[in-house]
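# Examination of the molecular architecture
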Amino acid sequence: MADLTWVEVRDAIRLGAGVMLPIGSTEQHGPHLPLATDSLLASSLCLAVAQSVNMLVAPAITYGYRSRPLTGGGQGFVGTTSLRGETLMAMIRDVLREFLRQGFERLVVLNWHYENSNFVYEAAFEALEPHSVAKARIVVFEHGLGKLSDQTVAKVFGGSFPGLAIEHAATYETSLMLHLHPELVHFERAVDDQSARRPWYDVIPTPDAFVSKSGVLWKATEASPEKGKLLWSEIVPQVQEGIVTELDPTQAGK
Ligand SMILES: [Zn+2]
């Protein structure tokens, strides 16, 4: 969308185009992945489906909510640059209201940063509230993953998926980055790591034992571009199907 002129965007809206808003973070992703990893993966996923569902991809929200030690390493790392929840929600809400003002009726919010999840839903809810009588509709992907098949889980993770919370800068994200943006991955620096303690609750201020030294929360060295390709081949169609089901252009306004 940012590469288009306003005239082109206006004409696209007239032809029923929707808009996708990728949401990521600027956050440490271990010694081997760039700070932009979440924003890049959110944008890549939007770009992978946009054309087939008649959507433009808006410039990403590249800052996210506070990194938490047990799901993102925490705020102790240089480079992790985060927003308070209210700032993030205000930014997403304002951007979505701008899209609604411009006439978009089919909207998608796609988040890749684990800690953003509920804030993204709340912002989308608030954005649409004053327009609740309008035709507009927003599909919220709080994360970019529906479900992985048993075969893929076996091939990529050797049996069971550890979960998105712990798969930070580990096999899942590293494999996807090796597949999509290999020039940004320093795979020779990848390590397997974990925090000394990982309870089911959280503590403030952050105990040192909750923080992994490298910023990797699980196994990064088992990543590969082949695993990334396989994961991507399951992730992309699920997002596409969700959009077609909820925002089919032929169903607009019904
Ligand atoms: Zn990430």
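Now for a look at the structure at hand. This structure is a prediction, so every number in the text was calculated from the model and none was measured.

## Examining the coordination of the zinc ion
The zinc ion binds to the protein through His29 (NE2), Asp38 (OD), Glu173 (OE) and Glu173 (OE), with metal-donor distances spanning 1.9 to 2.7 Å. Taken together, the 4 donor atoms coordinating the zinc ion span angles of 53 to 142 degrees at the metal, a pattern that classifies the geometry as irregular. The exposure class assigned to His29 is buried, which follows from its relative accessible area of 0%. With relative accessibility at 1%, the residue Asp38 sits in the buried group.

## Observations regarding unusual backbone geometry
Following Ile204, the chain continues into Pro205 via a peptide bond in cis, with omega recorded as -5 degrees. A positive phi angle, near 55 degrees, is found at Asn54, a position not held by glycine. Inspection of the secondary structure puts Asn54 in the loop between α2 (37–50) and β2 (55–57). The exposure class of Asn54 is partly exposed, given its relative accessible area of 30%. Unlike most non-glycine residues, Ala169 shows phi in positive territory, near 60 degrees. Locating Ala169 in the fold gives a position in the loop between α6 (150–157) and α7 (171–180).

## Considerations on the environment of Ala127
Turning to its location among the elements, Ala127 is positioned in helix α5 (residues 117–128). Residue Ala127 is classed as buried on the basis of its relative accessible area of 0%. Apart from residues no more than four positions distant in its own chain, Ala127 is found in contact with Arg93, Leu96, Arg97 and Leu100.

## Comments concerning the side chain of His168
Secondary-structure assignment places His168 in the loop between α6 and α7. Sequence-distant contacts of His168, that is, excluding residues within four places in its chain, are made with Glu27, Gln28, His29, Thr71, Gly72, Glu173, Gly215, Val216 and Leu217.

## Some details on the pattern of salt bridges
Charged atoms that come close allow side chains of opposite charge to pair. One pass over the structure, following the stated rule, counts 8 salt bridges. Residues Arg68 and Asp202 are paired through a salt bridge, measuring 3.0 Å at the closest nitrogen-oxygen approach. Separated by 134 residues along the polypeptide, Arg68 in the loop between β3 (64–65) and α3 (69–72) and Asp202 in the loop between α7 and α8 (225–247) bring together distant segments of the chain. For the salt bridge of Glu246 with Arg137, the shortest nitrogen-to-oxygen distance reads 3.8 Å. In this pair, Glu246 is assigned in helix α8 and Arg137 in strand β6 (residues 137–141), connecting sequence segments 109 residues apart. A residue is classified by how much of its surface remains accessible, and Glu246, at 39% relative accessible area, is partly exposed. A cluster of three or more residues bridged by salt bridges with shared partners is formed by Arg93, Asp94 and Glu126.

## Here's the deal with the environment of Pro237
Summarising the element assignment, Pro237 is placed in helix α8. On the basis of relative accessible area, Pro237 is assigned to the partly exposed category, the value being 38%. Pro237 sits 53 residues away from Leu184 along the chain, and the two C-alpha atoms are 25 Å apart.

## Topic: the pairing of strand β1 (residues 18–23)
With respect to burial, β1 is a largely interior element, 6 of its 6 residues being buried. One ladder, built from 3 bridges, connects β1 with β2; its direction is parallel. By the bridge assignment, Met20 is partnered in β2 with Val57. Following the backbone out of β1, through α2 and into the adjacent parallel β2, one traces a crossover that is right-handed. Bridging between β1 and strand β5 (residues 106–111) involves 5 bridges; their strand directions are parallel. Among the inter-strand pairings, Pro22 is bridged to a residue of β5, identified as Leu110.

## Points about the packing of aromatic side chains
Applying the stated criterion to the full structure yields 7 aromatic pairs. Taken together, a centroid distance of 5.9 Å and an interplanar angle of 80 degrees make the contact between Phe99 and Phe104 edge-to-face. Summarising the aromatic geometry, the rings of Tyr121 and Phe125 are spaced 6.2 Å apart at their centres and angled 35 degrees between planes, so their arrangement reads as tilted. Of the two residues, Tyr121 and Phe125 both sit in helix α5, 4 residues apart, roughly one turn of that helix. Owing to a relative accessible area of 45%, Tyr121 belongs among the partly exposed residues under this scheme. Ring-pair connections join several aromatic residues into one group, and the members of that group are Trp112, Phe157, Phe161 and Tyr172.

Calculation notes
Residues numbered from 1 in each chain as written. Predicted model: local features only at pLDDT ≥ 70, side-chain atom pairs only at ≥ 80, totals over all residues. Heavy atoms only, no water. Donors = N, O, S within 2.8 Å, 3.2 Å for Na, K, Ca; no water. Tetrahedral: all angles 85-135°; square planar, octahedral: opposite > 155°, others 65-115°. Buried < 20%, exposed > 50% of the residue type's maximum accessible area, 1.4 Å probe, protein only. Helix = DSSP H or I, 4+ residues; strand = E, 2+ residues; numbered from the N terminus. Contact = heavy atoms within 4.5 Å. Salt bridge = Lys/Arg side-chain N within 4 Å of Asp/Glu carboxyl O. Pairing = 2+ DSSP bridges. Right-handed = clockwise from strand over helix to strand, strands pointing away. Phe/Tyr/Trp six-rings, centres within 6.5 Å; stacked < 30°, edge-to-face > 60°.

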